[in-house]
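Structural characterization, general
Residue strings, one per chain:
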Amino acid sequence: MNTSDDIKNDFSKGSVRKHIVRLAVPMTVAMLVQMLYNLVDRIYIGHLPEDSANAFTGLGLTFPIVTLVLAFTNLFGTGGAPLCSIDRGRHETAHAEKIMGNTFTALLGCSLLVMALCYPLMKPILYLFGASDATYPYAAEYLNIYLIGTPLVMLATGMNGFINVQGYTKYGMITVAAGAVVNIALDPLFIFTFGLGVKGAAIATVLSQAVSAAWVLLFLCGKKTTLRLRKQYFKPEARILKSIIALGTTGFVMNASNGAVQIACNATLKSVGGVMLGDMYIGIMTALNSLRDVVSLPIQGLTNASQPVIGYNLGAGQYRRIWNAMAFTAVIGIVYMALVWLILFLFPRPLLSIFVEDQELLDLGVPAMHLYFFGFFFMAFQFTGQSTFVGLGKAKQAVFFSLFRKIIIVVPLTLLLPRIGTLGVNGVFIAEPISNLIGGLASFLTMIFTLRKMLKSAPEATPAPPAAETAETAPASAAEPEATPAPPATETAETAPANEAAETAELPPALPPTEE
């Protein structure tokens, strides 16, 4: 006999659109909470009473290093959690706990290695990333403190997945929410009240990371959890670490490619813009990336929510419903992105003012914003194409088209366009819409071709019962666990829900929610 939850989570019945929207709301809220964690630092620093432009640019220069930390976190965290989930499903509790213990050791060891490398190499790295004598002090001031918290952020984010795969998603959400609330509360206190500026933002971030890490470790060592973090499993085993790294490589590559794009943009803006304007344009790029993260959030939530619906109907043989799910997310995405583009075009200065208040930076930022967001709705094609590929279990295609847009299109164009004719720094901002057009359409059209081929070759599926069907009249179906959102990643980026069916070679452990 079916329960109401069984019927509600049977995605082969009822309205496809309602299923997607119902899943999208909590996913979007979770990503918003995680985004606020990082966004408030930028907003407060951009409104410092003195030298806010250089301070904001300095903070932007640290993003590639922060992204690198996230990449290594995903290498072990999104690799270990699905493996643990598989062993849990097999009732191999001891081996599941051994995977968790090895992941803990790998995260801790890697975080100490990152600290050991970044501190002595900080100055040459930041200058390579586009720092100047005016912005380096702010970037170094932030990183000197932020790097102290590297073990905290890697353990909090990387180990939180082990809470979620055990089904304790509410406790996993507390990890993110607690850190975000603490950071939002402490930022103005340390930045303005204590007058610590950029240093205050870093201190608030580290303290908030400490709260999240403490919550995760206390829970995994406590009595409420099914799988416990045990000392005897901390000793690394080569076989287990190899499996973890193999499964987590996708998440690592996706985040590392985001860092490569950031480095290419900042370094090119610095070299082409010169000493004074280069710093300004790096600050503008930081503001534009922050604004893009915010406005892309709803469509990321929608497309991520379509993945479990598409995957479920693939397994159920309801191929027409897969097409309906894809079409719904594509149409909503294109309409939403087109409206966002219109708003960004009409009100560029007020929107940029959310992040910065320096008037010269705003004057230069408005035309750059018009170029950067031109044809922004093409990103909807990228989101829809990649999320559909993930839902169909074709992770290789999803990863390829993400790398195709960023590494094959954005990075080369960013390096080449500014040196063509009189484009100058405008070439860096033009690279984004060109990549959205080419990359988005390539991803979407390939997905359409793949899906149509599946529909033609698929056997005739049994039609799904009508949406109005009730629990009393619906045929019995196997109970399906509730689809819940994956824990958001720290930066943007692009991470989708971790798939517990990680035995399937095509499926990734996670994809970053943010397409950079």
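Everything that follows concerns the structure shown earlier in this document.
The following refers to the structure shown. (Residues numbered from 1 in each chain as written. Predicted model: local features only at pLDDT ≥ 70, side-chain atom pairs only at ≥ 80, totals over all residues. Heavy atoms only, no water.)

Next up on the list: the pattern of salt bridges. Applying the stated rule across the entire model yields nine salt bridges. For D10, the salt bridge is made with K13, and the minimal N-O distance between the two is 2.6 Å. The exposure class assigned to D10 is buried, which follows from its relative accessible area of 2%. Residue K13 is classed as buried on the basis of its relative accessible area of 14%. Between E97 and R230 there is a salt bridge; the shortest N-O distance is 2.7 Å. Of this pair, E97 sits in helix α5 (residues 93-128) while R230 sits in the loop between α9 (197-220) and α10 (238-316), and the two are 133 residues apart along the sequence. Under the relative-accessibility criterion, E97 is labelled buried at 4%. (Salt bridge = Lys/Arg side-chain N within 4 Å of Asp/Glu carboxyl O. Buried < 20%, exposed > 50% of the residue type's maximum accessible area, 1.4 Å probe, protein only. Helix = DSSP H or I, 4+ residues; strand = E, 2+ residues; numbered from the N terminus.)

Right, let's talk about a nonpolar patch on the surface for a bit. Side chains of L342, I343, F345, L346 and F347 sit close together on the surface and give an oily, nonpolar patch of about 500 Å² of accessible area. Summarising the element assignment, F345 is placed in helix α11 (residues 319-346). (Patch = residues over 30% accessible without salt bridge, like charges linked within 9 Å, V, L, I, M, F, W, Y side chains within 5 Å. Areas by Shrake-Rupley, 256 points an atom, 1.4 Å probe, with all protein chains shown as cover.)

On to the packing of α10 against helix α13 (residues 359-372). The contact between α10 and α13 brings their axes to 9 Å, and the two run at 55 degrees. Here α10 is positioned oblique relative to α13, judged by the angle of their axes. In terms of crossing hand, the pair formed by α10 and α13 is right-handed. Facing L277, M280, Y281, G283, I284, M285, L288, N289, L291 and R292 of α10, the residues of α13 in contact are E360, L361, L364, G365, A368, M369 and Y372. Here the contact of α10 with α13 is built from residues that sort into 12 nonpolar, three polar and two charged. (Axes fitted to C-alpha atoms, helices over the stretch in contact; angles between N-to-C directions. Parallel < 35°, antiparallel > 145°, perpendicular 65-115°, else oblique. Left-handed = near helix turned anticlockwise from the far one by under 90°. Contact = heavy atoms within 4.5 Å. Nonpolar A, V, L, I, M, F, W, Y, C, P; charged D, E, K, R; others polar.)

We now examine the packing of aromatic side chains. Taken as a whole and judged by the stated rule, the model has 23 aromatic pairs. Ring plane angle 25 degrees and centroid distance 5.3 Å describe the contact between Y127 and Y136, whose orientation is recorded as stacked. Pairing Y281 with F429 gives two aromatic rings, centres 6.0 Å apart and planes at 50 degrees, and the pair type is tilted. Here Y281 is found in helix α10, whereas its partner F429 is found in helix α16 (residues 426-457), with 148 residues between them in sequence. Residue Y281 is classed as buried on the basis of its relative accessible area, which comes to 10%. An aromatic cluster is present here, built from W341, F374, F377, F378, F381 and F444 joined pairwise through their rings. Between K123 and the ring centre of Y136, over which it is positioned, the NZ or CZ distance is 5.7 Å. (Phe/Tyr/Trp six-rings, centres within 6.5 Å; stacked < 30°, edge-to-face > 60°. Lys NZ or Arg CZ within 6 Å of the ring centre and 35° of its normal.)

These results come straight from atomic positions and should not be treated as a statement about function.
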